[in-house]
Amino acid sequence: MPKEEQKVWYACYGSNLLEERFRCYIGGGQPEGAHRIYPGCTNKTFPTRTKGLIINREMYFAKISKTWSGGGAAFIKSDFDKNVETLGRMYLITRQQFIDLVQQEIKFEGEFDINLEKVIEEGSLDMKNDSWYGQIIYLGDEEGHPIFTFTNEEYLENEINAPNEHYLKIIIEGLKQTYKLSPSEIQKYLENKTGIKGFPIKKDLPDLIQS
């Protein structure tokens, strides 16, 4: 009888909060509003388990994303902060699916692997490949499976950028789907995020949330 492949939790906090968008990473496809087609994982079996997760790291929007028409992408700061609660979601997938997912996110061509044991041992791992999501972070365990997420290795004030409305709408729908939040709760959660507060997109939040 073949040995079952190790499972890990992939934890997200941005557009992958919406399961339909996340499925493009597994099965392949083009998310609505995005200028990119994802090849999907080698194993295209969709996860059967998903649940909400509070991430004690600050979420912000930064850089200029060609995938999302020049808007900022969501990241979290690397450092743990017990006073910060970022609303996340995690999916139980295979170890190889997580590696495939990271490879798609960082657009790496060729043979690719991640030493997840080292990530667990050291708490994080910087892959040093100049990608936007080159830092893998270990967030603990749930039901006997390790939880991993990824973000940028460095927070730079001069790279803060408001998200594109299509991208932000996907995050909003993901918050509704994962947490069943009311419009006012979503408004309160997003309006003071770095990359939204002080930018014109903030005034569009009520319409994006209600639409």
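Keep in mind that this is a model prediction, so the values were computed, not measured.

Trainee: Give a detailed account of the environment of Asn-192, specifying residues and quantitative values.
Mentor: Counting through the fold element by element, Asn-192 comes out in the loop between α5 (183-190) and α6 (201-210). Note on Asn-192: relative accessible area 46%, which makes it partly exposed. A C-alpha to C-alpha distance of 8.6 Å links Asn-192 and Lys-202, two positions ten residues apart in sequence. In this view, Asn-192 contacts Lys-197 and Lys-202; residues no more than four positions away in its chain are not counted.

Trainee: Mind laying out helix α1 (residues 19-27), listing which residues take part and the relevant values?
Mentor: Taken together, the buried positions of α1 are Glu-19, Arg-21, Phe-22, Cys-24, Tyr-25 and Ile-26. On the buried face of α1, the contacting elements are β1 (7-12), β5 (86-94), α2 (95-106) and α4 (165-179). Immediately downstream of α1, the backbone of Gly-28 shows phi near 90°, a positive value.

Trainee: Run through α4, naming residues and quoting values.
Mentor: Along its 15 residues, α4 runs 21 Å from first to last C-alpha, staying within 8% of the 21 Å computed at 1.5 Å per residue. Of all the positions in α4, only Tyr-167, Leu-168, Lys-169, Ile-170, Ile-171, Ile-172, Gly-174, Leu-175 and Thr-178 are classed as buried. Positioned one or two residues after α4, Lys-180 has a phi angle of 55°, which is positive.

Trainee: Before we move on, can you summarise the environment of Tyr-13 with the specific residues and values?
Mentor: Counting through the fold element by element, Tyr-13 comes out in the loop between β1 and α1. You can call Tyr-13 buried: its relative accessible area is 5%. Separated by 175 residues in sequence, Tyr-13 and Lys-188 have C-alpha atoms that sit 16 Å apart. Sequence-distant contacts of Tyr-13, defined by excluding residues within four places in its chain, comprise Ile-55, Met-59, Ala-74, Phe-75, Ile-76, Thr-86, Leu-87, Gly-88, Tyr-133, Thr-149, Phe-150 and Thr-151. From its side chain, Tyr-13 meets the backbone oxygen of Phe-150 in a polar contact 2.7 Å long.

Trainee: Give a description of the nonpolar core that names residues and reports values.
Mentor: Of all hydrophobic cores here, the largest spans 64 residues; its most connected members are Phe-98, Ile-114 and Leu-190. The biggest single contributor to this core is α4, with six residues. Not counting residues within four places of it along the chain, the set of residues in contact with Phe-98 comprises Val-8, Tyr-10, Ile-93, Ile-114, Leu-116, Ile-136, Phe-148 and Phe-150.

Trainee: How would you summarise the pattern of salt bridges if you had to cite specific residues and measurements?
Mentor: A complete count under the given rule lists eleven salt bridges for this structure. With its nearest N and O atoms 3.2 Å apart, the salt bridge here joins Lys-77 to Glu-58. With Lys-77 in the loop between β4 (71-76) and β5 and Glu-58 in the loop between β2 (50-55) and β3 (59-65), the pair connects residues that are 19 residues apart, well separated along the chain. The partly exposed category is assigned to Glu-58, whose relative accessible area is 26%. With a closest N to O distance of 3.0 Å, Lys-169 and Glu-173 form a salt bridge.

Trainee: Can you explain unusual backbone geometry? Please cite residues and give values.
Mentor: Within the chain, Lys-63 stands out as a residue other than glycine whose phi angle is a positive 70°. With respect to the secondary-structure elements, Lys-63 resides in strand β3. A relative accessible area of 14% places Lys-63 in the buried class.

Trainee: Give a description of the sheet that holds β2 that names residues and reports values.
Mentor: Spatially, the six strands line up as an open sheet ordered β2-β5-β1-β8-β7-β6, and their pairing is mixed. Two strands lie at the open edges of the sheet, namely β2 and β6 (124-126), each paired on one side alone. Recorded for the sheet is a direction-independent mean angle of 30° between the axes of neighbouring strands. When strand β7 (residues 135-142) meets strand β8 (residues 145-151), the two strands line up antiparallel, connected through seven bridges. Looking at the pairing, Ile-137 lines up with Thr-149 of β8. Sheet strands in contact with α2 are β1, β5, β7 and β8, and its direction is about 125° off that of β5.

Criteria and cut-off values
Residues numbered from 1 in each chain as written. Predicted model: local features only at pLDDT ≥ 70, side-chain atom pairs only at ≥ 80, totals over all residues. Heavy atoms only, no water. Helix = DSSP H or I, 4+ residues; strand = E, 2+ residues; numbered from the N terminus. Buried < 20%, exposed > 50% of the residue type's maximum accessible area, 1.4 Å probe, protein only. Contact = heavy atoms within 4.5 Å. Expected span 1.5 Å × (residues − 1). Polar contact = N/O pair within 3.5 Å; in protein donor to acceptor, adjacent residues only side chain to side chain. Core = buried A, V, L, I, M, F, W, Y, C linked by side-chain atoms within 4.5 Å. Salt bridge = Lys/Arg side-chain N within 4 Å of Asp/Glu carboxyl O. Pairing = 2+ DSSP bridges. Axes fitted to C-alpha atoms, helices over the stretch in contact; angles between N-to-C directions.

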